[in-house]
Amino acid sequence: MTHSDPMDTKKIFNIVAAFIYEQNRFLICQRPKTKARALLWEFAGGKVEQGESHIQALKRECMEELAIEVEPSGLFYQNSHEYEDIIVNLFIYHTKIIKGPVQKLEHEDIRWISSEEIDNYAFCPADKEVLEIIKQNY
Ligand SMILES: Nc1nc2c([nH]c(=O)n2[C@H]2C[C@H](O)[C@@H](COP(=O)(O)OP(=O)(O)OP(=O)(O)O)O2)c(=O)[nH]1
């Protein structure tokens, strides 16, 4: 391993994301064309900023991305995943919409899908395991 090996220098980000489940469907969002992991599907959310709690970050991201007020409850799933560019610590919370409607402010597309439809979508690799859990339980 050389001194400049990118393995040594990858940044680690804490990412919070929302599992929003209503009437047998959950909300998925397609990443913008211009961002890393372009056009892959994900749970709404994003990076926790300096000084923010997970709950604060998730509320902020849901407002920025979907124009919804949310109430996160328990942690549903946690995982770490190494990408080519960064390492993500992913925290997915059970989340309820307090005030809508959902609006697509930042994503390429948003959909409510049933667990049977998961395989029709290409998700971020870090989400692979939680999607299996959703398939088995929802
Ligand atoms: N929101 C979200 N991000 C995920 C999921 N799975 C997964 O690997 N990620 C990755 C994709 C991105 O590399 C990272 C989220 O960072 P981001 O760039 O979207 O965060 P952000 O909205 O704060 O954007 P920015 O201000 O840095 O541009 O986490 C997921 O289910 N939801």
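Preceding this section is the structure that the text describes.
Given the structure is predicted, the values throughout are model-derived calculations rather than measurements.

**Student:** Whenever I open this one, the site of the ligand confuses me. Can you help?
**Tutor:** In the region of the ligand, 18 residues are neighbours, and Arg31, Phe43, Lys47, Tyr83 and Asp127 sit closest. When isolated, the ligand has an accessible area of 630 Å², and the protein chains bury 82% of it. Taken together, the elements giving at least two residues each to the shell around the ligand come down to β1 (11-19), β5 (45-47), α1 (54-66) and β7 (86-99). Top element by residues in the shell around the ligand is β5. It accounts for three residues.

**Student:** Explain helix α2 (residues 128-137) here, please?
**Tutor:** Three or four residues apart is the spacing at which side chains of an α-helix point the same way, because the helix has 3.6 residues per turn. Taken residue by residue, α2 has Val130, Leu131 and Ile134 as its buried positions. Seen end-on, α2 carries its buried residues on one side only, within an arc spanning 105°. What points out from α2, more than 90 degrees from its buried face, is the exposed set Lys128 and Gln136. Lining the buried residues of α2 we find β1, β3 (25-30), β6 (69-82) and β7.

**Student:** I would appreciate a short explanation of the nonpolar core in the present structure.
**Tutor:** Where a protein is soluble and globular, its nonpolar side chains tend to be buried together. Ranked by internal contacts, the top residues of the largest apolar core, which has 23 residues, are Phe26, Phe43, Ile92, Phe123, Val130, Leu131 and Ile134. Counting residues per element, this core draws most heavily on β7, at four residues. The residues touching Leu131, leaving out its near neighbours within four places in the chain, are Phe26, Phe43, Ile118 and Phe123.

What counts and what doesn't
Residues numbered from 1 in each chain as written. Predicted model: local features only at pLDDT ≥ 70, side-chain atom pairs only at ≥ 80, totals over all residues. Heavy atoms only, no water. Near = heavy atom within 4 Å. Areas by Shrake-Rupley, 256 points an atom, 1.4 Å probe, with all protein chains shown as cover. Helix = DSSP H or I, 4+ residues; strand = E, 2+ residues; numbered from the N terminus. Buried < 20%, exposed > 50% of the residue type's maximum accessible area, 1.4 Å probe, protein only. Arc of directions from axis to C-beta. Contact = heavy atoms within 4.5 Å. Core = buried A, V, L, I, M, F, W, Y, C linked by side-chain atoms within 4.5 Å.

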